[in-house]
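# Coordinates in review
Spelled out, the chains give:
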Amino acid sequence: MKTALTALAIVLAPTLALAVGTHSGGHGHEKAMAVGKPAETNPTRTVKVVMKEDYDDENVYVFDQKELSFSVGETVRLHIVNEGEEVHEFVMDTMHANAEHKEMMARFPEMEHDDPNAVRLEPGQEAEILWTFVNPGTFEFACLLPGHYEGGMHGALVVN
């Protein structure tokens, strides 16, 4: 039995490492993503982002801002607040990575995240992301829960 369990562990180890590596934030020094990396210094400012619904609007799911702008090298505190009645998430990444993530969320809507660039909040919850933007470019922030992106919950994240 012990030999069978050891063999199973050896066979599954690479699969588990891949699964953990693709959706786990980990701890310690984080590898930079295109959109930046978890802060290693104190933030220079706080930016509040509110998530909510507007059932009377064409875009039902909304952020209170359509664009966020930062400077290369800037470290900020993103104060994310869910003022809505539904669960929402805030994910910042490249448009391509968000599109891939959105497809995965469509297949696995209950998938939990442990990514340093994202938070999922129940109604009334608040969270913070301490982040340093290291590369210039236009990125995206979005809620990737099924139907929320299509309902208007995304915006440009510009780093100059």
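Residues numbered from 1 in each chain as written. Predicted model: local features only at pLDDT ≥ 70, side-chain atom pairs only at ≥ 80, totals over all residues. Heavy atoms only, no water.

### A look at the overall build of the protein
- What the protein contains, in helices and strands, is two helices and 10 strands.
- Each helix (α) and strand (β) of the protein, taken in turn from the N terminus, gives the series α-β-β-β-β-β-β-α-β-β-β-β.
- When each of the 160 residues of the protein is scored for burial, the buried share is 37%.
- Once local pairs closer than 6 in sequence are excluded, the contacts in the protein between residues at least 24 apart make up 76%.
- Here the protein displays about 9,000 Å² of accessible surface, and carbon together with sulfur accounts for 56% of that area. (Helix = DSSP H or I, 4+ residues; strand = E, 2+ residues; numbered from the N terminus. Buried < 20%, exposed > 50% of the residue type's maximum accessible area, 1.4 Å probe, protein only. Contact = heavy atoms within 4.5 Å. Areas by Shrake-Rupley, 256 points an atom, 1.4 Å probe, with all protein chains shown as cover.)

### Section: a negative patch on the surface
- A cluster of acidic residues, D54, D56, D57 and E58, forms a negative patch on the protein surface.
- Within the fold, D56 resides in the loop between strand 2 (45-53) and strand 3 (61-63). (Patch = residues over 30% accessible without salt bridge, like charges linked within 9 Å, V, L, I, M, F, W, Y side chains within 5 Å. Salt bridge = Lys/Arg side-chain N within 4 Å of Asp/Glu carboxyl O. Lys, Arg positive; Asp, Glu negative; His and termini not counted. Charge placed at Lys NZ, Arg CZ, Asp CG, Glu CD.)

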